[in-house]
Amino acid sequence: MAKRPVTASYIFFYILFSQDTWRILIAIVFSLMIAPQTFTPDTGIFGRLILYIMLAGIGFAAAGLPARLITRTFKKLILGDKVP
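Values in this document were obtained by computation on a predicted structure and should not be read as measured data.

(A) Representation of helix α3 (residues 45–62). Compared with the 26 Å implied by 1.5 Å per residue over 18 residues, the 26 Å span of α3 between its first and last C-alpha is a close match. Taken as a whole, α3 has its buried residues at Leu51, Leu55 and Gly59. Projected down its long axis, α3 carries its buried residues within an arc of 65°, all on one side. In α3, the exposed positions that point more than 90 degrees away from the buried face belong to Ile45, Phe46, Ile50, Ile53 and Ala61. Buried-residue contacts for α3 involve α2 (19–38).

See the structure below:
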């Protein structure tokens, strides 16, 4: 079986259909939305960084189901009946 050539479209669809892509994106958005609301005037740069990272980790862990649903939806829309 020959390997599939790595083209720009192959990379694009690999990223689009990857659940990890959507989990990371959801985690970043979650962190950017929630972290600023938890800051106090005394929170330093390292405290803010830790809060962003911590909330991104929580968002990544919680985004499993939504990421699967997004990936399945894109596969059905783009691939149609060829979805494995």
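Still more ground to cover, so stick around.
(B) How the structure looks around the packing of α2 against α3. With their axes 7 Å apart at the nearest point, α2 and α3 run at an angle of 135° to one another. Here α3 runs oblique to α2, going by the angle between their axes. Of the two elements, α2 crosses α3, and the hand of that crossing is right-handed. Facing Asp20, Arg23, Ile24, Ala27, Phe30, Ser31, Leu32, Ile34, Ala35, Pro36 and Thr38 of α2, the residues of α3 in contact are Leu51, Tyr52, Leu55, Ala56, Ile58, Gly59, Phe60 and Ala61.

(C) Representation of the packing of aromatic side chains in the model. Scanning the entire structure with this criterion turns up five aromatic pairs. Summarising the aromatic geometry, the rings of phenylalanine 13 and phenylalanine 17 are spaced 5.8 Å apart at their centres and angled 35° between planes, so their arrangement reads as tilted. Three or more aromatic residues link up through ring pairs in this structure, and these residues are Phe12, Phe13 and Phe17. In this structure, arginine 23 packs its charged tip against the face of phenylalanine 60, placed 4.1 Å from the ring centre. Over the ring of phenylalanine 39 we find arginine 48, and its NZ or CZ is 4.4 Å from the ring centre.

(D) Expanded view of the side chain of threonine 43. You can see threonine 43 is positioned in the loop between α2 and α3. Overall, the relative accessible area of 19% leaves threonine 43 in the buried class. Polar side-chain contacts of threonine 43 include one of 3.0 Å to the backbone nitrogen of threonine 40.

About the thresholds
- Residues numbered from 1 in each chain as written.
- Predicted model: local features only at pLDDT ≥ 70, side-chain atom pairs only at ≥ 80, totals over all residues.
- Heavy atoms only, no water.
- Helix = DSSP H or I, 4+ residues; strand = E, 2+ residues; numbered from the N terminus.
- Expected span 1.5 Å × (residues − 1).
- Buried < 20%, exposed > 50% of the residue type's maximum accessible area, 1.4 Å probe, protein only.
- Arc of directions from axis to C-beta.
- Contact = heavy atoms within 4.5 Å.
- Axes fitted to C-alpha atoms, helices over the stretch in contact; angles between N-to-C directions.
- Parallel < 35°, antiparallel > 145°, perpendicular 65-115°, else oblique.
- Left-handed = near helix turned anticlockwise from the far one by under 90°.
- Phe/Tyr/Trp six-rings, centres within 6.5 Å; stacked < 30°, edge-to-face > 60°.
- Lys NZ or Arg CZ within 6 Å of the ring centre and 35° of its normal.
- Polar contact = N/O pair within 3.5 Å; in protein donor to acceptor, adjacent residues only side chain to side chain.

Keep in mind that these numbers describe shape and distance, not what the molecule does.
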